[in-house]
Amino acid sequence: MRVLVVEDEWRLAAGVRAGLEAEGFAVDLAATGPDGLWLAVEETYDVVVLDLMLPGLNGYQVCARLRERDVWTPVLVLTAKDGEWDEVEALETGADDFLTKPFSHHVLVARLRALIRRDLRERPVVLEAGDLRADPGARRAWRGDTELELTAREFSVLEFLLRRRGEVVSKLDVLGHVWDEAFDGDPNIVEVYVGHLRNKIDRPFGRAGIETVRGAGYRLAADGG
């Protein structure tokens, strides 16, 4: 899942990014309110982690302007302040959750996953394509009754394909959602991970769920193959 972290304390932002990436998230960083607002409007994220005390625009202003522009990406406000009125103001300006520094990394991850699951129409608790299933919250996947052993990155690629099942997605689509905008490596890394997935979710079961669409990208069969 793709996360935007808007935080001006560089060490904290880098630590949050490293921790989330270890859990399989793709993370972009912004250090000012205007930069965070621009990215949240122009790019597609599954959730935004937003500090309150930011240069340029504070977190309240960023959140309010996102909602004014009909950007309804879930927002978790992160702040050093500890007071019920700060929480009230954050929620009333459009935030979905609130976490006070210092915080537990495990709690942050759990809350982000809970926010992502809340919109059940777009993000069902369990994603399915035929007998291929994945539970993003538990980070577990199955082919039929067999549980699949996937790395964090492999799971993220599978989750993205399941959310777009039946659709053709390009390498850049996968890179943008599973890695992050700062990735400057070889785009063929997507081919490598698709190959890993095929070896785990298709070939052992005699399936061909992930199709290569020449010149366009990949498609996970709507019925799972």
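Refer to the structure presented above.
Bear in mind the structure is a predicted one, so any value in this text is a computation, not a measurement. (Residues numbered from 1 in each chain as written. Predicted model: local features only at pLDDT ≥ 70, side-chain atom pairs only at ≥ 80, totals over all residues. Heavy atoms only, no water.)

Caption draft 1: View of the sheet that holds strand β10 (residues 168–169). Reading across the sheet, the 3 strands line up as β10-β12-β11 and stay open at both edges, with antiparallel pairing between neighbours. Edge strands, defined here as strands with exactly one partner in the open sheet, are β10 and β11 (210–213). Relative to strand β12 (residues 217–220), β11 runs antiparallel, the two being bridged by 4 bridges. Within β12, the position partnered with E211 by the bridge is R219. The strands that helix α8 (residues 189–202) touches are β11 and β12; relative to β11, the one it contacts most, it runs at about 145 degrees. (Pairing = 2+ DSSP bridges. Helix = DSSP H or I, 4+ residues; strand = E, 2+ residues; numbered from the N terminus. Contact = heavy atoms within 4.5 Å. Axes fitted to C-alpha atoms, helices over the stretch in contact; angles between N-to-C directions.)

Caption draft 2: Examining the pairing of β12 more closely. Summarising the sheet, β10 and β12 pair through 2 bridges and their orientation is antiparallel. Counterpart to V168 in the pairing with β12 is R219. Hairpin remark: β11 followed by β12, antiparallel, with 3 residues in the connecting loop; positive phi at G215, about 80 degrees.

Caption draft 3: Geometry of the packing of helix α6 (residues 152–163) against α8. In contact at an axis separation of 10 Å, α6 and α8 are set at 85 degrees when each is read in the N-to-C sense. Between α6 and α8, the interaxial angle falls into the category roughly perpendicular. Side by side, α6 and α8 meet where R153, E154, V157, L158 and L161 of the first sit next to Y193, H196, L197, K200 and I201 of the second. When grouped by side-chain class, the residues that make up the contact of α6 with α8 number 6 nonpolar, 1 polar and 3 charged. (Parallel < 35°, antiparallel > 145°, perpendicular 65-115°, else oblique. Nonpolar A, V, L, I, M, F, W, Y, C, P; charged D, E, K, R; others polar.)

Worth remembering: the numbers are spatial, not functional.
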